[in-house]
Amino acid sequence: MDFNMKKLASDAGVFFTRAVQFTEEKLGQAEKTELDAHFENLLVRADNTKNWTEKILRQTEVLLQPNPSARVEEFLYEKLDRKVPSRVTNGELLAQYMTEAANDFGPTSPYGKTLIKVGETERRLGGAERDFIHSSSINFLNPLRNFLEGDWRTISKERRILQNRRLDLDACKARLKKAKAAEAKAAAVPDFNETRPRNYILSASASALWSDEVEKAEHELRVAQTEFDRQAEVTRLLLEGISSTHVNHLRCLHEFAEAQTTYYAQCYQYMLDLQKQLGNSRGEMLPGTFVGNAESVSPPPDNASPTVAAAASSVAGPAVPTIPVVPTAVGAPGSAPSVEALNASDVKPPASGTRKARVLYDYEAADSSELSLLSDEMITVYSLPGMDPDWLVGERGNQKGKVPVTYLELLS
């Protein structure tokens, strides 16, 4: 082991000098070299960039992986430079449970068929989520991490060096100031009328020594000033590079937004497909089903107008009570006739159970048994025994017909 005692002593001396200078500055006993306003602004912008990048990075990680244990596991694998094992998404796990439940209950039963359909959609949603997380990690998280672990570490290192160069410069300034003061004091001491020659000789020697100390301090100050200026220029160039970092992060942010848009568009399309599948299999549902909460409004069809889409977004609000449908066995004696072929002249509203409803979307009647609807109009609705739970009877003046529940907001 090469142990250089002289270098160790020199480094210890420099460290002690810097510590003394820093302490005196904090106590207000020493002057501090101030950086120009532009440089200070660059420092502030760099610090803000670092702080907000850390916060955005951490919160994006929480968004992509809400499970803190999973995030810790991924962090450990990354630090150990090992590949993160593939993890099943929540949607894929739910799809697995639904498929197993369908096989247990009977895949040919109405409940089993629906479980399989919903499970398949959840599997597709889980796959879309996996693709979104992967894309966001590569195009958004990795560039942010690279800045914090690469460029920012370099900037921090150069800033520490600049701080040390400034302390050295200010220490040289203080040393030169003290040497000049001592030299002036020593030059004023000698007295040519001095009766003791020995004292005069000592005073002259001290003045010469302080003169040499001043020259040495001036030389050290010039060297320190040169090193400080060089380091300030290096640090300034790195800080000005933050503008390029902002441009890069802006591009990554656009890619993250595009990935998120694609992900939600896929989810919306998958749920539309599932809704159509479930709508086609309504006839297989068991009798006695209750009408769901009218707040759970289905998304507007693909050809819906912007007005319809805007109306759909305003449905959020307090839960609306549902209207129960009296279960009636199909074909049982005394059962009410089906309302599938609704004759407006034969249907009479019940004595109680009618209520008002606001129309959410435009609806074009498919046949004479249905009632066409206009967005935002108010109608009276009620249910009849044995009626499909997805439909109600609607009245508007003398007009009467079946209306879909999903197009209505039931009012209390």
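Since this is a predicted model, take the numbers as computed values, not measurements.

(A) Molecular detail of the overall build of the chain. Summing up its helical and strand segments, the chain has eight helices and five strands in all. When the helices and strands of the chain are placed in sequence order, the string is α-α-α-α-α-α-α-α-β-β-β-β-β. Counting only carbon and sulfur atoms, one obtains 57% of the accessible surface of the chain, whose full area is about 25,800 Å².

(B) Inspection of the environment of Arg130 at higher detail. Tracing the chain through its elements places Arg130 in helix 5 (residues 110–188). The sequence separation of Arg130 and Arg87 amounts to 43 residues, and the corresponding C-alpha distance is 9.2 Å. Leaving out residues up to four positions away in the same chain, Arg130 has contacts with Ser86, Arg87, Val88, Thr89 and Glu92.

(C) Spotlight on the sheet that holds strand 3 (residues 391–396). Strands sit in the order 4-3-2-1-5 across an open sheet of five strands; the sheet is antiparallel. The open sheet has two edge strands with one neighbour each: strand 4 (399–404) and strand 5 (408–410). With direction set aside, neighbouring strand axes in the sheet form an average angle of 40°. The pairing of strand 3 with strand 4 spans six bridges and is classified as antiparallel. Note that in strand 4 the partner of Leu392 across the bridge is Val403.

(D) How the structure looks around the pattern of salt bridges. Scanning all chains against the criterion turns up 15 salt bridges. Measuring nitrogen to oxygen at the nearest pair gives 3.1 Å for the salt bridge that ties Asp36 to Arg236. Taken together, the residues span a long stretch of sequence, with Asp36 in the loop between helix 1 (5–26) and helix 2 (37–64) and Arg236 in helix 6 (residues 197–240) at a distance of 200 residues. Relative accessible area serves as the criterion here: at 37%, Asp36 is assigned to the partly exposed category. Judged by its relative accessible area of 19%, Arg236 is buried. Residue Asp376 is joined to Arg358 by a salt bridge in which the shortest nitrogen-to-oxygen separation is 2.9 Å. Taken as a pair, Asp376 in the loop between strand 1 (355–359) and strand 2 (378–382) and Arg358 in strand 1 lie far apart in primary sequence, 18 residues in all. Asp376 gets classed as partly exposed once you look at its relative accessible area, which sits at 48%.

(E) Geometry of the packing of aromatic side chains. A full pass over the atoms with the stated rule returns nine aromatic pairs. With a centroid separation of 6.4 Å and 70° between ring planes, the pair formed by Tyr363 and Trp391 is classed as edge-to-face. Here Trp391 lies in strand 3 and Tyr363 lies in the loop between strand 1 and strand 2, a separation of 28 residues in the sequence. Take Tyr363 and Trp391: they sit in the same class, and that class is buried. Connected via pairs of aromatic rings, a cluster forms that spans Phe132, Phe140, Phe256, Tyr263 and Tyr264. Just above the ring of Trp52 sits the side chain of Lys55; from NZ or CZ to the centre is 4.6 Å. Just above the ring of Trp391 sits the side chain of Lys402; from NZ or CZ to the centre is 5.0 Å.

(F) Structural view of the pairing of strand 2. Among the five residues in strand 2, four count as buried, and that is most of the element. One ladder, built from three bridges, connects strand 2 with strand 3; its direction is antiparallel. When the sheet's bridge partners are listed, Thr380 is paired in strand 3 with Glu395.

(G) View of the nonpolar core. Core analysis: the biggest nonpolar cluster contains 35 residues, and Phe132, Phe140 and Leu239 have the highest contact counts within it. Elements with a minimum of two residues in this core: helix 2, helix 5, helix 6 and helix 7 (242–280). Element by element, the count of residues in this core is highest for helix 5, at 15 residues. Beyond its immediate stretch of four places on either side in the chain, Phe132 contacts Leu64, Phe256, Ala259, Gln260 and Tyr263. With 20 residues, the next largest nonpolar core counts Ala357, Tyr361, Trp391 and Tyr407 among its residues.

(H) Structural view of the confidence of the model for the chain. Summary statistics for the chain give a mean pLDDT of 79 and a share of 74% for residues scoring 70 or more. Here helix 8 (residues 306–313) stands out as the element of the chain with the lowest mean pLDDT, 43, in contrast to helix 2, whose mean of 95 is the highest. Low pLDDT, under 50, characterises residues 283–341; the predicted model gives this stretch 82 contacts beyond four residues in sequence or across chains.

(I) Quick peek at the pairing of strand 1. The buried fraction of strand 1 amounts to four of the five residues, a majority that puts the element mostly inside the structure. Note that strand 1 and strand 5 share three bridges and pair antiparallel. From the neighbouring strand, Arg358 faces strand 5, where its bridge partner is Glu409.

(J) Quick look at the environment of Thr380. Relative to the helices and strands, Thr380 is located in strand 2. Taking the C-alpha atoms as reference points, Thr380 and Leu410, separated by 30 residues in sequence, lie 9.6 Å from one another. Beyond its immediate stretch of four places on either side in the chain, Thr380 contacts Thr354, Arg355, Lys356, Val393, Gly394 and Glu395. Polar side-chain contacts of Thr380 include one of 3.1 Å to the side chain of Lys356.

(K) Spatial organisation of a nonpolar patch on the surface. Judged by side-chain polarity, Val72, Phe75 and Leu76 come together as a nonpolar surface patch covering roughly 290 Å² of accessible area. Tracing the chain through its elements places Leu76 in helix 3 (residues 68–79). With relative accessibility at 47%, the residue Leu76 sits in the partly exposed group.

Cut-offs and rules
- Residues numbered from 1 in each chain as written.
- Predicted model: local features only at pLDDT ≥ 70, side-chain atom pairs only at ≥ 80, totals over all residues.
- Heavy atoms only, no water.
- Helix = DSSP H or I, 4+ residues; strand = E, 2+ residues; numbered from the N terminus.
- Areas by Shrake-Rupley, 256 points an atom, 1.4 Å probe, with all protein chains shown as cover.
- Contact = heavy atoms within 4.5 Å.
- Pairing = 2+ DSSP bridges.
- Axes fitted to C-alpha atoms, helices over the stretch in contact; angles between N-to-C directions.
- Salt bridge = Lys/Arg side-chain N within 4 Å of Asp/Glu carboxyl O.
- Buried < 20%, exposed > 50% of the residue type's maximum accessible area, 1.4 Å probe, protein only.
- Phe/Tyr/Trp six-rings, centres within 6.5 Å; stacked < 30°, edge-to-face > 60°.
- Lys NZ or Arg CZ within 6 Å of the ring centre and 35° of its normal.
- Core = buried A, V, L, I, M, F, W, Y, C linked by side-chain atoms within 4.5 Å.
- pLDDT = per-residue confidence, 0-100.
- Polar contact = N/O pair within 3.5 Å; in protein donor to acceptor, adjacent residues only side chain to side chain.
- Patch = residues over 30% accessible without salt bridge, like charges linked within 9 Å, V, L, I, M, F, W, Y side chains within 5 Å.

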